[in-house]
Structures are given as C-alpha cells and as structure tokens.
Amino acid sequence: MTTETDKPDEQHRRPAGLDDTTVQALGKLSEALETVERVRGHLYSMHQLTGTADFMLDEAVSLFMQAGHTETAERIQRELIGRNVIPGHWTFQIVEAYDDGYYTEFREVERDAREKLAQGRRHLYEAELKEQRRTRGRTWHEARPGYSA
C-alpha cells in the first residue's frame, strides 16, 4: 500500500492534463540547461586558470632573467603577460558576455516553459523516472526527504 508520504511531493507531481510528450520535452529542455550550467562552470575554470597562468609567467620571467635569458624573458613579458585571450577580451569579459547573453536567455526560456506548461514545476521527468526505478518500502529508496520506510 502506498501512503501519501511515499509519493513525490506536490512540486514533483505532474499537473493534471500534462501529457507525456510535454513532460519529455520539458525534461530535455532541463537537461540542456544543465549542460549550459556545466559550460558556464568550464568558462569560470578557463577564467581562473588563465589568470593563474598569467601570474605564473611573472615567475618564469624572473627566472629567465636570473638565468641570463633576457630575450626570452622580455618576449614573454611583451607577448603574453596581460594579453587578451581573444581580440579585445580578457577572460572576465567572455564570462560576463556569456552570463548576460546566452546564459540569461536560456534560463529565462526554460523557466517560462515550465511556468506556462507545468505550473513552474521542475524535474518532472526525473521525478517520474525515480518513481519507476525505486523500490518502495526500502531504506534509501524513499520518495522524498524526511520519509523513511
């Protein structure tokens, strides 16, 4: 027998009249947003790693100078330290442009689709998949937080 507490919470239940194809489409849109979130994280990694490399060049220049390789040290200082990674852009500018443009628009479209089609509910596809795959009544297979078998 399934009790009310052994079901997903209301925010993870399909609203009445919402069809399977729409739930699948919302799930795919959510999955795409999750991928975009990962891209954003990679951009921040690129931003931080590039900055770290730029500061490491200071030490390389110093060591080349100490070793008497002035030409190499000067070239690094002139050509690499503080250089734009793409014309006119340091990495922070790339991150800002991504955040303010594509990322913001993507999140708005995904949120608007959920609001319009699923009463704003998130992860309906995954919630239904969880219900299909879990073993009711087993510890670590609970429907939601705060419920134990």
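Anything mentioned here points back to the structure above.
What counts and how
Counting starts from 1 at the beginning of each chain's written sequence and moves along it residue by residue. Restriction of local features to residues with pLDDT of at least 70 applies here, the model being predicted, together with a cutoff of 80 or more for giving and counting side-chain atom pairs; totals for whole chains, interfaces and linings are based on all residues. Only hydrogens and water are set aside; all other atoms, that is, all heavy atoms of the structure, feed into the side-chain values. Residues grouped as a nonpolar core are buried Ala, Val, Leu, Ile, Met, Phe, Trp, Tyr and Cys residues, joined through side-chain atoms within 4.5 Å. Only protein chains enter the calculation, and the probe is 1.4 Å; a residue is then buried if its accessible area is under 20% of its type maximum, exposed if over 50%, and partly exposed in between. By definition, any uninterrupted DSSP run of H or I lasting at least four residues is a helix, any uninterrupted run of E lasting at least two residues is a strand, and each is numbered from the N terminus. Contact criterion: two residues are considered in contact whenever any of their non-hydrogen atoms come within 4.5 Å of each other. In this tally Asp and Glu are treated as negative and Lys and Arg as positive; neither His nor the chain ends contributes. One side-chain nitrogen of Lys or Arg within 4 Å of one carboxyl oxygen of Asp or Glu is enough to make a salt bridge. Identification of polar contacts relies on pairs of N or O atoms within 3.5 Å, with a donor-acceptor requirement for protein atoms, meaning one able to donate a hydrogen and the other able to accept it, and with residues adjacent in sequence counted only if both atoms are side-chain atoms. Computed over the protein atoms alone on a 1 Å grid, cavities are sets of points where a 1.4 Å probe fits but cannot get out and pockets are open sets with protein on both sides within 12 Å along at least five of seven lines; a residue lines them when it has an atom within 4 Å of a point. Grid points are joined across faces, edges and corners, and a volume is the space filled by probe spheres set on the points. Gly falls in the polar group here, along with every residue not listed as nonpolar (Ala, Val, Leu, Ile, Met, Phe, Trp, Tyr, Cys, Pro) or charged (Asp, Glu, Lys, Arg). Only the contacting stretch of a helix is used when fitting its axis, a line to C-alpha atoms as for every element, and angles between N-to-C directions run 0 to 180 degrees. By definition in this entry, angles of less than 35 degrees are roughly parallel, angles greater than 145 are roughly antiparallel, angles of 65 to 115 are roughly perpendicular, and the rest are oblique. With the far helix as reference, a near helix turned anticlockwise by less than a right angle produces a left-handed crossing, and one turned clockwise produces a right-handed crossing.

Attention shifts here to the nonpolar core. Taken as a class, soluble globular proteins show a tendency for nonpolar side chains to be buried jointly. The biggest cluster of nonpolar side chains holds eight residues, and these are L33, V36, L43, I94, V95, Y98, Y103 and F106. Elements represented by at least two residues in this core include exactly helix 1 (20-66) and helix 3 (91-118). In terms of residues, this core owes the most to one element, helix 3, which gives five residues. The contacts of L33, once residues within four sequence positions are left out, are F106, R107 and E110. V23, L26, A113 and L124 belong to the second-largest nonpolar core, a separate cluster that totals six residues.

Take the environment of T35 next. Mapped onto the elements, T35 comes out in helix 1. Judged by its relative accessible area of 43%, T35 is partly exposed. For the pair T35 and H141, spaced 106 residues apart in the sequence, the C-alpha separation amounts to 27 Å.

With that settled, the discussion passes to unusual backbone geometry. Of all residues except glycine, most have a negative phi; of all peptide bonds, most are trans. Even without being glycine, Q119 reaches a positive phi, approximately 55°. Inspection of the secondary structure puts Q119 in the loop between helix 3 and helix 4 (124-133). Assessed through its relative accessible area of 53%, Q119 is described here as exposed. At W140, a position not held by glycine, the phi torsion is positive, near 75°.

It is worth spelling out the side chain of D54 at this point. Within the secondary structure, D54 sits in helix 1. With no salt bridge to any partner, buried D54 finds its closest opposite charge in R83, at an N-O distance of 9.3 Å. A distance of 2.9 Å separates the side chain of D54 from the backbone nitrogen of G82, its partner in a polar contact. Apart from the residues lying within four places of it in its own chain, the contact partners of D54 are L80, I81 and G82.

In this section: the layout of surface pockets. In this structure, the largest pocket spans a volume of roughly 270 Å³. Surrounding the largest pocket, 13 residues form its lining, T50, G51, D54, R83 and W90 being those nearest its centre. Those elements that provide at least two residues to the lining of the largest pocket are helix 1 and helix 3. Taken together, the residues of the lining of the largest pocket break down into six nonpolar, five polar and two charged.

Okay, the packing of helix 1 against helix 3 next. For any two helices packed against each other, one specifies the inter-axial angle together with the distance between the axes. Contact geometry for helix 1 and helix 3: axes closest at 10 Å, N-to-C directions at 165°. With respect to each other, helix 1 and helix 3 are oriented roughly antiparallel. When the axes of helix 1 and helix 3 are compared, the crossing they make is left-handed. Each residue belonging to the contact of helix 1 with helix 3 can be placed in one class, and the counts come to 20 nonpolar, five polar and six charged.

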